[in-house]
Amino acid sequence: KFAYWNGFAVGAICTRVEAIPDCPGRHRIYIMTLGVLAAYRNHGIGSKLVSSVLDHITSAQKEDGQLYTVDEIMLHVQTSNEDAMKFYGEKFGFERGELVENYYKRIDPPHCYILRKKLR
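Residues numbered from 1 in each chain as written. Predicted model: local features only at pLDDT ≥ 70, side-chain atom pairs only at ≥ 80, totals over all residues. Heavy atoms only, no water.

**Observations concerning the pattern of salt bridges**
Heads up, the rule is: Criterion for a salt bridge: a side-chain nitrogen of Lys or Arg within 4 Å of a carboxyl oxygen of Asp or Glu. A run of H or I in DSSP counts as a helix once it spans at least four residues, and a run of E counts as a strand once it spans at least two, with each numbered from the N terminus. For every residue, the accessible area obtained with a 1.4 Å probe (protein chains only) is divided by the maximum for its type, and the residue is called buried under 20%, exposed over 50%, and partly exposed between those limits.
In this structure the tally under the stated criterion is 8 salt bridges. Two residues, Arg28 and Glu18, come together in a salt bridge whose shortest N-O distance is 2.9 Å. Taken as a pair, Arg28 in strand β3 (residues 27–36) and Glu18 in strand β2 (residues 8–19) lie far apart in primary sequence, 10 residues in all. According to the relative accessible area criterion, Glu18 is buried, its value standing at 17%. Arg26 is the salt-bridge partner of Asp71, the closest N and O atoms lying 2.6 Å from each other. One end of the pair, Asp71, is in strand β4 (residues 70–78); the other, Arg26, is in the loop between β2 and β3, and 45 residues separate them in sequence. On the basis of relative accessibility, which here comes to 16%, the residue Asp71 falls in the buried class. Arg26 gets classed as partly exposed once you look at its relative accessible area, which sits at 23%. When salt bridges with common partners are traced through the structure, they connect Arg16, Glu18, Arg28, Glu72, Glu98, Arg116 and Lys118 into a single cluster.

Here it is in structure tokens:
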């Protein structure tokens, strides 16, 4: 999904549905990326993009049972990205989970935390 300002794409969020290991038949939404151009940050664009995903999950689960098996939403956040952890935690109730060492191959530090929000 894209966010536009005066006809120009200034932000985007990309997600996928994936199986939850060790929970047959259950799924989660994985946030692969969320980005807003620097000049357009702090205007609520990122919040609106995340909210649109959460709203879509809720409405799809209620209206026709689509995404009914989705129990959580998760993402990886680089350990040094305090702003992202604060954004997801304070605004949306994500909880910081386990540390994954050497998750990233081309950035430093290479470690990340898993952030999760339980939907049920």
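**Comments concerning the side chain of His76**
Condition: Any pair of nitrogen or oxygen atoms within 3.5 Å is treated as a polar contact; in protein, a donor-acceptor pairing is required on top of that, and neighbouring residues in sequence qualify only through side-chain atoms on both sides. Only heavy atoms enter the contact rule, under which two residues are in contact if any of them lie within 4.5 Å.
As for its placement among the helices and strands, His76 is situated in strand β4. Look at His76 and you get buried, because its relative accessible area is 18%. Side chain to side chain, His76 and Tyr30 meet in a polar contact 2.7 Å long. A polar contact is formed between the side chain of His76 and the side chain of Tyr103, at a distance of 3.3 Å. Look past the residues within four positions of His76 in its chain and what remains in contact with it is Tyr30, Tyr103, Tyr104, Cys112, Tyr113 and Ile114.

**Digging into the sheet that holds strand β1 (residues 2–5)**
Our working definition: Paired strands are those between which DSSP finds at least two bridges. Axes here refer to lines fitted to C-alpha atoms; in helices the fit is confined to the stretch in contact. Angles between the N-to-C directions go from 0 to 180 degrees.
Here 6 strands make up an open sheet; going across it, the order is β1-β2-β3-β4-β6-β5 and the pairing mixed. The sheet is open, and its two edges are formed by β1 and β5 (95–100), each paired on a single side. If you compare each strand with its neighbour and ignore which way they point, the axes differ by 25° on average. Across 4 bridges, β1 lies against β2 in antiparallel orientation. Bridge pairing in β2 links Trp5 to Phe8.

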